[in-house]
Amino acid sequence: MATAVHLDGITKRFPGVVANDDVDLAVRRGTVHALLGENGAGKTTLMNVLYGLYEPTDGQVYVGGEPRRFDSPRDAIDAGVGMIHQHFMLVDPMTVTENVTLGNEPRKWLGLTVDEERARREVVDLRDRYGFDVDPDARIEEVGVGVQQRVEILKALYRGAEVLILDEPTAVLTPQEVDDLFAVFEELTAQGKTIIFITHKLGEAMHAADEITVLRDGRNVGTVPADEVTREELAEMMVGREVLRTVEKPPADRGERVLAVDGVSVDDDRGVEAVSDVSFSVRAGEVFGIAGVDGNGQSELIEAVTGLRDPTAGRIVYRGEDVTDWSRRRRIEARMSYVPEDRHERGLVMDFDLTQNGILGSQHSDEFACDGRLDWDAARDHAETIIEEYDVRPPNRRAAAASFSGGNQQKFIVGREFERDPALVVATHPTRGVDIGSTEFIHDRLLALRSSGVAVLLVSSNLEEVRGLSDRLAVVHDGEIMDVVDPESATEEEIGLLMAGEDPSDGSGPVAAGATNEGGR
Amino acid sequence: MSGDDRSGGARRRGRAALERLVRASAAERVFISTAALVLSMAVGVVIVLAAGRMTTCGEAAAVYFGVGFCYDPFAVYDSLFLGALGNPINPLFRPLEGQFAPPFRRGWSPLNGQMAVTLRETTILVFTGLSVAVAFRAGIFNIGTQGQLVVGALATALAALYASPLVAGLVGTLVLIPFGLLVGALSGGLYGAIPGALKAYADANEVITTIMLNFVATGVALYLVAGPFKDPASAANETVSLPGYAIFPPVVFEPRDDFSVLALLFGVALVGGVYYLLEHTAFGYDIRTSGIQPEAAEYGGVDAERTVVSSMAISGALGGLGGAVYVLMIIGNYQTGIPAYGFDGITVSILAGNNPLGVGFAAFLFGVLKSGSIVVDVNTGAPPQLVGVLRGLIILFVAMPEFFRLLGRRVVAIEPERPVATDGGRPGDGGDDAGAEAGGEVDE
Ligand SMILES: Nc1ncnc2c1ncn2[C@@H]1O[C@H](COP(=O)(O)OP(=O)(O)OP(=O)(O)O)[C@@H](O)[C@H]1O
Ligand SMILES: [Mg+2]
């Protein structure tokens with residue numbers, strides 16, 4: 001079979017870092033290729049070279065057998081290479097059709113106006129050809145993450161992509177959506193398209209890919225057929241040692257109520273109610289999980305708890321005090337830690353180095369500031385501690401946050417928030433984009449905090465993660481808590497139904513006795 | 001095809017150059033600025049020669065390659081730069097020709113009158129440059145330094161005037177000058193806090209409000225000094241002059257130079273102070289964080305509204321101090337028609353990359369150019385307009401790399417950010433940030 005993409009001896013150097021070191025990679029047309037590797041292994045960089053965002057220091061890119069040199073993504077798209085970033089580039093108030101054709105709209109009347117009928121027809125044709133379940137007239141803001149991702153794929157296909165690159169596409173999806181995405185992969189490859197995707201989940205790579213390439217320290221350590229390799233072999237290739245996967249969770253030793261959310265409603269940015277009358281509470285020494293498809297009010301709820309958004313109704317009680325009107329700073333000072341959902345906008349100041357980022361949120365605390373004067377020596381030591389403890393690579397506290405790989409940025413944020421000596425940790429997607437080894441480490445730390453009597457409020461769209469870590473699990477749908485279940489006894493199907501907004505109450509509900517909503521009413 | 005290649009190559013080189021500029025180290029930036037200065041002078045030489053050919057004059061000022069020119073560019077630049085320092089160089093000192101006479105002209109002292117002019121301008125520009133820089137670092141484009149300076153000047157002139165009868169002599173100086181500076185800082189600070197509050201609590205764009213407040217300041221000041229506070233003995237619109245003991249003592253310079261080393265030292269101390277504030281205090285951390293990433297600042301517990309108001313108040317206070325020093329050191333009362341120090345402060349700040357330490361140097365360069373222009377006017381036949389062109393060239397060339405750095409930060413910072421954003425970030429928020437930022441406005 002013909003080679004769709006051939007990367008020949010690609011080297012990409014950044015000042016002080018070799019992100020890709022003489023990487024060869026060949027992907028056959030009509031196959032799915034998975035890219036695995038630890039955080040900072042160079043996966044994203046390699047794909048950015050292929051997509052024309054970076055110019056390789058050395059080496060040659062071949063697409064369809066021809067040597068190519070891309071100056072920008074535009075050139076890559078013209079050559080049939082499309083990339084779907086996890087951070088979707090869609091315009092919310094516009095329809096699916098408008099988004100798909102944006103920038104390449106068919107025109108009429110001498111190009112004076114958009115031929116909307118033709119645009120819609122073309123999008124419908126494209127959709128039907130690949131069997132996508134997408135309404136061309138729906139607005140982006142109305143559809144879920146999974147659909148948005150499909151719109152991104154349609155957009156690339158509309159521009160003539162033959163090769164599709166997806167960077168960690170499954171990180172934001174629910175298991176059901178992941179299955180749908182893989183079905184889309186099959187349809188696409190059946191029609192001769194080529195897919196390269198990055199993932200941290202070995203199971204997904206083995207299930208969906210034809211071939212798997214593992215990167216380590218910027219080098220290609222091997223390309224293997226997906227059906228001839230075991231998880232253990234892959235893990236060994238990635239980290240060079242065996243990876244055990246056991247979350248040891250001792251029974252919860254619950255203490256007093258640390259957080260009580262009482263009848264809280266919150267509006268989203270557009271002023272539409274995103275959270276409606278939600279109540280729950282979290283006790284010291286337990287992990288309270290919130291599961292749900294992204295965009296069902298979790299972000300708004302969490303922002304209300306952490307002080308970044310004002311609720312329109314209800315009370316938030318923290319350690320016995322009504323903190324509804326407290327500023328964000330006061331909540332931080334009251335030992336509330338927060339691993340934010342959006343690491344690029346909120347969690348890190350991208351232009352600051354890690355020393356400066358390490359004190360974000362503590363810049364007024366006694367630890368780093370005395371009479372308003374910053375103690376940079378303490379800040380340096382602190383950054384170094386986080387870097388070492390949480391294995392941030394490269395271990396350079398002077399490098400700007402923007403220069404770190406996604407997973408390493410995440411590890412640094414998690415480290416900063418966990419090391420704050422918190423009474424409550426609010427963690428949203430704490431391991432999103434983090435490799436297996438570090439995920440395990442973060443889970444261990446989270447459970448260690450729990451054992452030491454910290455209350456943990458955990459939000460994740462990764463069902464396996466919330467089920468594994470939570471003592472009680474609230475499932476949210478459309479701004480409401482559908483139910484609070486015992487994650488051990490509730491089945492994945494039951495939780496899935498709740499997430500979809502359906503009540504699986506055919507008599508024997510999944511609601512476990514000890515796990516009912518003991519909210520702060 | 002080949003045309004495509006060429007344009008692609010140009011784009012790649014353009015982007016690479018921009019990236020290089022953004023990542024330049026401090027030493028490299030000094031080198032770039034120096035190179036830009038030399039380059040601007042090379043271009044200036046050509047312009048002066050061309051202008052000299054196109055003018056008719058009785059006697060050629062210079063003859064190069066057998067062609068006469070009305071203006072001698074070397075004499076012009078000599079007067080512009082060295083004239084501003086009081087012509088320190090001994091004409092017999094020509095090391096290139098093997099003549100090692102003493103380098104400094106006999107009788108030259110660094111404490112000469114022209115040097116005083118240079119340093120006097122430098123002093124005021126240090127204040128206004130710092131004023132703009134502080135706001136800029138907080139992500140606020142304060143065009144209102146001029147208005148804050150006017151308010152500070154007027155308030156100082158009046159307050160010192162009414163307080164002056166209460167004290168006299170050395171005690172008067174010791175009391176009135178700090179008092180005048182305090183009044184200038186407070187009034188300028190309050191005047192700066194207004195657009196700050198409007199931005200923080202009413203979402204009003206600071207560029208618009210500060211420009212409008214500049215007009216308000218000048219207009220109200222004119223009304224006051226033309227009416228209620230007018231010096232009855234004067235035909236001009238000005239207040240009664242302050243007594244001599246309310247004026248900055250000249251220390252090592254002549255009193256007629258209207259310059260005091262003390263004021264300059266105060267400015268230099270503020271350069272250090274502002275640097276310290278930004279880099280070594282928690283409040284400075286808040287300012288810088290809100291300036292480059294407001295969402296992260298909010299996450300880090302920074303009160304966005306308060307930071308906007310207080311950084312604008314500090315910016316205004318620095319502008320007001322500039323006005324106070326202008327009154328207490330240079331004119332001795334308030335007169336209408338205050339020079340545009342506030343607007344020059346914007347250029348000074350950009351020249352300095354909004355770095356307080358750089359403001360000191362940029363203000364000095366500005367001071368040299370301003371003072372040197374006068375020397376050129378007196379010493380050579382070159383018309384002031386031509387000198388204005390040369391000054392503009394120098395500023396343009398030196399500021400351009402910094403300006404491109406400011407712009408480039410937005411372009412280059414986004415490139416690595418986008419790929420990184422692919423495996424993190426909040427999904428499905430419409431990708432508005434990358435797009436909007438690439439749009440590249442400098443405001444807010
Ligand atoms: N713009 C940049 N400037 C400097 N170094 C960079 C830049 N981008 C990436 N790097 C470095 O290159 C290496 C590879 O980064 P890359 O983002 O490709 O990793 P990754 O495999 O995608 O990791 P992750 O799984 O965490 O997303 C890292 O060490 C990172 O610090
Ligand atoms: Mg990555």
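In this text the structure is predicted, and so the values were computed from the model without any measurement. Here the residue index of a chain counts from 1 through its sequence in written order. For naming, the first written chain is A and the first written ligand is 1, with later ones following in the order written. Residues qualify for local features only when their pLDDT is at least 70, as the model is predicted, and side-chain atom pairs are given and counted only at 80 or more; totals for whole chains, interfaces and linings, by contrast, use all residues.

Some remarks on the overall build of chain B
Right, so step 1: Every helix listed is a DSSP run of H or I at least four residues long, and every strand listed is a run of E at least two residues long, numbered separately from the N terminus. When you go through chain B residue by residue, the secondary structure sums to 15 helices and four strands.
Right, so step 2: For chain B, the residues scored as buried account for 47% of the 444 residues in total.
Right, so step 3: Note on contacts: residues are paired as contacts if their backbone-placed C-beta atoms lie within 7 Å. For chain B, contacts bridging at least 24 residues in sequence account for 74% of all contacts bridging at least 6. Here the C-beta atoms are placed from the backbone, and a residue counts as buried if at least 20 other C-beta atoms lie within 10 Å of its own, exposed if 12 or fewer do, and partly exposed otherwise.

Brief notes about the domain arrangement of chain A
All names here are of chain A.
Right, so step 1: Domain start and stop positions are those given by an automatic or database domain assignment. Parsing chain A into structural domains produces domain 1 (1-80 + 162-243), domain 2 (86-160), domain 3 (253-335 + 423-521) and domain 4 (342-421).
Right, so step 2: Inter-centroid distance (C-alpha atoms) of domain 1 to domain 3 is 35 Å.
Right, so step 3: Contacts between domain 1 and domain 3 engage 12 residues on the former and 13 residues on the latter.
Right, so step 4: Listing elements by their share of the side of domain 1 that touches domain 3, those giving two or more residues are α6 (175-190) and α8 (231-239).
Right, so step 5: Note on residue classes: Ala, Val, Leu, Ile, Met, Phe, Trp, Tyr, Cys and Pro are nonpolar, Asp, Glu, Lys and Arg are charged, and everything else, Gly too, is polar. Split by residue class, the side of domain 1 that touches domain 3 holds six nonpolar, four polar and two charged.

Some details on the pairing of strand β18 (residues 336-339) of chain A
Residue and element names in this part refer to chain A.
Right, so step 1: Neither face of β18 is left uncovered, since the one carrying Met336 and Tyr338 and the one carrying Ser337 and Val339 both have all their residues buried.
Right, so step 2: The pairing of β18 with strand β21 (residues 424-428) spans four bridges and is parallel. Looking at the pairing, Tyr338 lines up with Val426 of β21. In this scheme, strands are said to pair when DSSP sees at least two bridges between them.

Re helix α13 (residues 376-389) of chain A
All names here are of chain A.
Right, so step 1: The terminal C-alpha atoms of α13 lie 20 Å apart, and with 14 residues this matches the ideal 20 Å at 1.5 Å per residue to within 8%.
Right, so step 2: Looking at α13, one finds that the buried residues are Ala379, His382, Ala383, Ile386 and Ile387. On an axial view of α13, the arc spanned by its buried residues comes to 135°, and they lie on one face. Exposed side chains of α13 directed beyond 90 degrees from the buried face belong to Asp377 and Glu388.
Right, so step 3: Check the buried side of α13 and you find it contacts α12 (354-358), β20 (373-374) and α14 (406-418).
Right, so step 4: In the segment just after α13, Asp391 is the residue with positive phi, at about 55°. Between the first and last residue of a helix there are one fewer steps than residues, each counted as 1.5 Å, and that sum is the expected span. The arc in question is the one traced by the directions running from the helix axis out to the C-beta atoms.

Remarks on unusual backbone geometry
Right, so step 1: Here the bond from A:Arg393 into A:Pro394 is cis, since omega is -5°, no more than 30 degrees from zero.
Right, so step 2: Its location among the elements puts A:Pro394 in the loop between α13 and α14.
Right, so step 3: Although it is not a glycine, A:Asp22 adopts a positive phi angle of roughly 50°.
Right, so step 4: Along the polypeptide, A:Asp22 turns up in strand β2 (residues 17-28).
Right, so step 5: If you check the backbone angles, B:Asp258 has positive phi at about 55° while not being a glycine.

Side note on the confidence of the model for chain B
Residues and elements named next belong to chain B.
Right, so step 1: Here chain B averages 84 in pLDDT, while 89% of its residues score no lower than 70.
Right, so step 2: Segment residues 1-6 is flagged for pLDDT under 50; beyond a separation of four residues in sequence, or across chains, it makes zero contacts in the model.
Right, so step 3: Predictor confidence is given residue by residue as pLDDT, running from a minimum of 0 to a maximum of 100. In this model, residues 413-444 is a region of pLDDT below 50 whose contacts with residues beyond four sequence positions or in other chains number 75 contacts.
Right, so step 4: Across the assembled chains, the prediction reports ipTM 0.85 with pTM 0.84.

So, the packing of helix α4 (residues 113-137) of chain B against helix α8 (residues 261-280) of chain B
Residue and element names in this part refer to chain B.
Right, so step 1: Angles shown run from 0 to 180 degrees and are taken between the N-to-C directions of axes, each axis being a line fitted to C-alpha atoms and, for helices, limited to the stretch in contact. Where α4 meets α8, the closest approach of the two axes is 9 Å, and the angle between their N-to-C directions is 15°. One finds that α4 runs roughly parallel with respect to α8. The way α4 lies across α8 gives a crossing that is left-handed. Two secondary-structure elements touch here, α4 through Leu119, Thr123, Val126, Phe127, Leu130, Val134 and Arg137 and α8 through Ala263, Leu264, Gly267, Leu270, Val271, Val274 and Leu278. Should an angle lie under 35 degrees it is considered roughly parallel, over 145 roughly antiparallel, and from 65 to 115 roughly perpendicular; all remaining angles are considered oblique. Two helices crossing with the near one rotated counterclockwise from the far one by less than a right angle form a left-handed crossing, whereas a clockwise rotation gives a right-handed crossing.

Looking at α4(B)
Right, so step 1: Relative to the 36 Å expected for 25 residues at 1.5 Å per residue, α4(B) spans 36 Å between its end C-alpha atoms, a close match to the ideal helical length.
Right, so step 2: Here α4(B) lies mainly inside the structure; 23 of its 25 residues are buried.

A look at the sheet that holds strand β4 (residues 58-63) of chain A
All names here are of chain A.
Right, so step 1: Within the open sheet, the four strands sit side by side as β2-β1-β4-β5. Their pairing is antiparallel. Every other strand in the sheet has two partners, leaving β2 and β5 (66-68) as the edge strands with one partner each. Along the sheet, successive strands turn relative to each other by an average axial angle of 25°, direction set aside.
Right, so step 2: Both strand β1 (residues 3-14) and β4 contribute to a ladder of five bridges, which runs antiparallel. Bridge pairing in β4 places Asp8 opposite Gln60.
Right, so step 3: The sheet strands contacting helix α1 (residues 43-50) are β1, β2 and β4, and the helix crosses β1 at an angle near 115°.

Description of the nonpolar core
Grouped burial of nonpolar side chains is what soluble globular proteins tend to show.
Right, so step 1: Think of a nonpolar core as buried Ala, Val, Leu, Ile, Met, Phe, Trp, Tyr and Cys residues, each tied to the set through C-beta atoms within 7 Å. Core analysis: the biggest nonpolar cluster contains 189 residues, and A:Leu259, A:Leu424, A:Val456, A:Leu458, A:Val475 and B:Ala153 have the highest contact counts within it.
Right, so step 2: Sequence-distant contacts of B:Ala153, defined by excluding residues within four places in its chain, comprise B:Gly323, B:Ala324, B:Tyr326, B:Val327, B:Tyr334 and B:Ile338.
Right, so step 3: Counting residues in each nonpolar core, the second largest holds 70 residues, with A:Tyr54, A:Val63, A:Val151 and A:Ile212 among its members.

A closer look at the pairing of strand β11 (residues 211-216) of chain A
All names here are of chain A.
Right, so step 1: Of the pairings in the sheet, the one linking strand β3 (residues 32-37) to β11 comprises five bridges and is parallel in character. Counted as the bridge partner of Ala34 is Ile212 from β11.
Right, so step 2: Direction of pairing for β11 relative to strand β12 (residues 219-225): antiparallel, over a ladder of six bridges. Directly across from Val214, in β12, lies its bridge partner Gly222.

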